[in-house]
Amino acid sequence: MMTDPIADMLTRIRNAVRVEHPHVEMPTSKVKRGLADVLKREGYIWDWVETDDHPVKQIRLELKYGPSGERVIQHIKRVSKPGRRIYSKSNDLRPILNGMGITVISTSSGVISDREARQKKIGGEVLCEIW
């Protein structure tokens, strides 16, 4: 049993980017699909697909690199953890690196980026920071 599947997902992405793998696979869940969708919308990955492998469904992220091989994801950090949940209001969310990075928020209307949360004026649990 895994105690923190979101941290596992972020670690798999961090490790795959570090050794420049073209894709990474992990077991799927609703939150992981939402997080992958935010990464795609914000331009950190090319695409993601859900495969029906046995015994569990897998989600496959196609990682993105620059034209000369530079990493698009430089840093990925888990903020809210199972032992210490971090919640934030929309007006308390500040841009990461002057807007160059994002904060991923789990809200009542799904998993969204900090930009979308400020536009919709909704807060929630701060999942991770990416730049």
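Bear in mind the structure is a predicted one, so any value in this text is a computation, not a measurement.

Visitor: Give me the environment of K64: which residues, what numbers.
Guide: Within the element layout of this structure, K64 appears in the loop between β3 (58–63) and β4 (76–78). On the accessibility criterion, K64 (23% relative accessible area) is partly exposed. Separated by 43 residues in the primary sequence, K64 and T107 place their C-alpha atoms 26 Å from one another. Apart from the residues lying within four places of it in its own chain, the contact partners of K64 are G43, Y44, I45, W46 and V72.

Visitor: Describe the nonpolar core, with residues and values.
Guide: Residues I13, L61, L63, V104 and I130 are the most contacted members of the largest nonpolar core, which totals 26 residues. Elements that contribute at least two residues to this core include exactly α1 (5–18), β1 (23–27), α2 (30–41), β3, β6 (102–107) and β8 (124–130). In terms of residues, this core owes the most to one element, α1, which gives 6 residues. If we skip the residues at most four places from it in the chain, L63 touches I13, A16, V17, H21, P22, H23, V24, I45 and W46. Listed in part, the 5 residues of the second largest apolar core include I105, I112, A117 and V126.

Visitor: Hey, could you go over the packing of aromatic side chains for me, with residue numbers and the actual values?
Guide: Applying the stated criterion across every chain yields a total of 0 aromatic pairs. The ring of W46 has K64 sitting right over it, with the charged end atom 4.7 Å from the ring centre.

Visitor: Tell me about α1, and please be specific about residues and values.
Guide: Its 14 residues place the ends of α1 20 Å apart at the C-alpha level, agreeing with the 20 Å of an ideal helix rising 1.5 Å per residue. Residues I6, M9, L10, I13, A16 and V17 constitute the buried set of α1. The arc that holds every buried residue of α1, seen down its axis, measures 130°, which confines them to one face. On its buried face, α1 sits against β1, α2, β3, β4 and β8. Positive backbone phi, at 60°, marks E20, one or two positions downstream of α1.

Visitor: Lay out α2 in plain terms, naming residues and giving numbers.
Guide: Under the 1.5 Å per step criterion, the end-to-end length of α2 is 17 Å for 12 residues, consistent within 8% with the ideal 16 Å. Those residues of α2 that sit buried are K32, G34, L35, A36, V38 and L39. Looking one or two residues beyond α2, the residue adopting positive phi is G43, at roughly 90°.

Visitor: Could you give me a rundown of the pattern of salt bridges, with the residues and numbers involved?
Guide: Two side chains bearing opposite charge may form a pair once their charged atoms approach each other closely. Following the criterion strictly, the structure yields 11 salt bridges and no others. Measuring nitrogen to oxygen at the nearest pair gives 3.4 Å for the salt bridge that ties E25 to R60. Remark: R60 occurs in strand β3 and E25 occurs in strand β1; sequence separation between them is 35 residues. We classify E25 as partly exposed; its relative accessible area is 31%. Of the residues examined, R60 reaches a relative accessible area of 24% and is grouped as partly exposed. If you follow the salt bridges from partner to partner, you end up with E25, R60 and E62 in one network.

Criteria and cut-off values
- Residues numbered from 1 in each chain as written.
- Predicted model: local features only at pLDDT ≥ 70, side-chain atom pairs only at ≥ 80, totals over all residues.
- Heavy atoms only, no water.
- Helix = DSSP H or I, 4+ residues; strand = E, 2+ residues; numbered from the N terminus.
- Buried < 20%, exposed > 50% of the residue type's maximum accessible area, 1.4 Å probe, protein only.
- Contact = heavy atoms within 4.5 Å.
- Core = buried A, V, L, I, M, F, W, Y, C linked by side-chain atoms within 4.5 Å.
- Phe/Tyr/Trp six-rings, centres within 6.5 Å; stacked < 30°, edge-to-face > 60°.
- Lys NZ or Arg CZ within 6 Å of the ring centre and 35° of its normal.
- Expected span 1.5 Å × (residues − 1).
- Arc of directions from axis to C-beta.
- Salt bridge = Lys/Arg side-chain N within 4 Å of Asp/Glu carboxyl O.

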